[in-house]
Amino acid sequence: MSHYRVEPYTPRLVLGLESSCDETSVALLEDGRHCRVNLVSSQVALHEKYGGVVPEVACRAHMEVLNPLLEEAMERAGCRFSELDAVAVTHGPGLVGAVLLGVAAAKTLAGLLEIPLIGVNHLEGHLYSTFLEHPDLELPLVCLLVSGGHTQIVEMTTPGAYRVLGSTRDDAAGEAFDKVAKALGLGYPGGPRIDQAARRGDPSRLSLPRPMREVGYEFSFSGLKTAVLVHLQSTDRVSDDDLCASFQDAVVDVLVTKTLRAARTCGARTVAVAGGVAANSGLRRRMEEACQKAGIPLRSPSIGLCTDNAAMIARAGWELARLGLRSPLTLDARPNLPLTPRV
Ligand code: KG4
Ligand code: ZN
């Protein structure tokens, strides 16, 4: 059991912890709105030479960084442990060892301080990242969750009432960015590098497939990735910049088309894009244009809150508390935790 029901409560000061992949993060959120501190320690430099995240290396780094980062967060916020009202932590999905470290730290704090422990689904965190800067956004919300591990369209009708409309059948969007970047020798993480190269390139130079664009809400990116790899073997190769621009254009086209289809069907009052790939400049621009055309406001997190951070975990935890949810001190890491409704 990861949660049990209690009387709904509204914690004032929530400590958030995030360690599910290659970022260690600690945040303090006040009244569900004011982010007193949101420290992120990225491991990109450690994983770069391997061309991707190495779980063993990630765990070790989380272990070394978590305690000092926690102390620094408390100091910067000018806050004492006795002032905390709840601790929210990512308990999945993610690398099991990495998630476990955050969960162990959170359980220790909650036990010692005798405050509520709240397990948060990492995807739920991304979903609520939108609310940090737009606390009064109108529901229903249709959110495109695009990260290194996930690609989903989620509808939220009331807080905690999520419905996954569609997911990827194979690669996540961020994974496709990372794999294409690797094939081009652009390094890790690939998304930001492709984004940069795409700005210099011409997206019309190469016509690439738009998998499943015309139907439903599910995604498939592995065929598109293969088309890029096949092109790399051909004799009439376009420049790397043009290739990046064409690839990004195809991904963005599919993501935007499906999100807007979902928004119209659900009668969404707000659209958002969250997760690491939401930092992509092409996606942000095209989604903005499409939402303006459809007359639906787009309320995405700013770029710093798109990639993994603990402020979004604290925000989601605050919401779960208000729904009357708490986690037992036996909370476990769940590497494949699916996003399920809370109400
Ligand atoms: O949400 P996130 O930080 O971690 C996961 O939960 O997976 O997302 C990381 C992913 C990586 O695949 C990275 O390449 C991608 O987000 N990403 C981008 C950009 N910035 C990060 N993809 C495309 N364009 C970007 N600007
Ligand atoms: Zn993430």
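As shown above, the structure is provided for reference.
These figures come from a predicted structure and were not determined experimentally.

Asks: What is the right way to read the coordination of the zinc ion (ligand 2) from this model?
Replies: Metal coordination angles have textbook ideals: 109.5 degrees for a tetrahedral set of four donors and 90 or 180 degrees for an octahedral set of six. Every protein donor of the zinc ion (ligand 2) is accounted for by His122 (NE2), His126 (NE2) and Asp308 (OD), and the metal-donor separations fall at 2.0 to 2.1 Å. Of note, the zinc ion (ligand 2) draws all its donor residues from one chain, in the sequence arrangement H-x3-H-x181-D. Of this pair, His122 and His126 both sit in helix H4 (residues 122–133), four residues apart, which is roughly one turn of the helix. Across this residue pair, the class does not change: His122 and His126 are buried.

Asks: Before we go on, may I ask you to explain the sheet that holds strand E3 (residues 23–30) in this structure?
Replies: To summarise the sheet geometry, strands pair through backbone hydrogen bonds and adopt either a parallel or an antiparallel arrangement. Taken together, five strands build an open sheet; the order of strands is E4-E3-E2-E5-E6 and the sheet is mixed. Pairing within the sheet leaves two strands with one partner each, and these edge strands are strand E4 (34–42) and strand E6 (117–121). When the angles between neighbouring strand axes are averaged without regard to direction, this sheet yields 20°. Pairing of strand E2 (residues 13–18) with strand E5 (residues 86–92) involves four bridges; the strand directions are parallel. What sits directly across from Val14, in E5, is Ala86. Contacts from helix H2 (residues 55–77) reach E2, E3 and E4, with the element oriented near 25° to E3.

Asks: Would you mind showing me how to read the side chain of Ser19 here?
Replies: With respect to the element layout, Ser19 can be found in the loop between E2 and E3. A distance of 3.3 Å separates the side chain of Ser19 from the backbone nitrogen of Gly102, its partner in a polar contact. The residues contacting Ser19, other than those within four sequence positions of it, are His62, Ala98, Val99, Leu101 and Gly102.

Asks: So what exactly am I meant to see when it comes to the pattern of salt bridges here?
Replies: Oppositely charged side chains may form a pair once their charged atoms are brought near each other. Within the structure shown, the criterion is met by 25 salt bridges. Across the pair Arg342 and Glu124 runs a salt bridge whose closest N-O atoms are separated by 2.8 Å. A residue pair is termed long-range when its members are at least 10 positions apart, and Arg342 in the segment after strand E11 (325–326) and Glu124 in helix H4 qualify at 218 residues. Comparing Arg342 with Glu124, the two get one shared label, buried. A salt bridge links Arg213 to Asp253, with the shortest nitrogen-to-oxygen separation between them at 3.0 Å. Taken as a pair, Arg213 in the loop between helix H6 (190–200) and helix H7 (222–233) and Asp253 in helix H8 (residues 240–266) lie far apart in primary sequence, 40 residues in all. Taking relative accessible area as the criterion, Asp253 reaches 12% and is therefore assigned buried. Within this structure, Arg210, Arg213, Glu214, Asp249, Asp253 and Arg286 form a network of salt bridges that share partners.

About the thresholds
Residues numbered from 1 in each chain as written. Chains lettered and ligands numbered in written order. Predicted model: local features only at pLDDT ≥ 70, side-chain atom pairs only at ≥ 80, totals over all residues. Heavy atoms only, no water. Donors = N, O, S within 2.8 Å, 3.2 Å for Na, K, Ca; no water. Helix = DSSP H or I, 4+ residues; strand = E, 2+ residues; numbered from the N terminus. Buried < 20%, exposed > 50% of the residue type's maximum accessible area, 1.4 Å probe, protein only. Pairing = 2+ DSSP bridges. Axes fitted to C-alpha atoms, helices over the stretch in contact; angles between N-to-C directions. Contact = heavy atoms within 4.5 Å. Polar contact = N/O pair within 3.5 Å; in protein donor to acceptor, adjacent residues only side chain to side chain. Salt bridge = Lys/Arg side-chain N within 4 Å of Asp/Glu carboxyl O.

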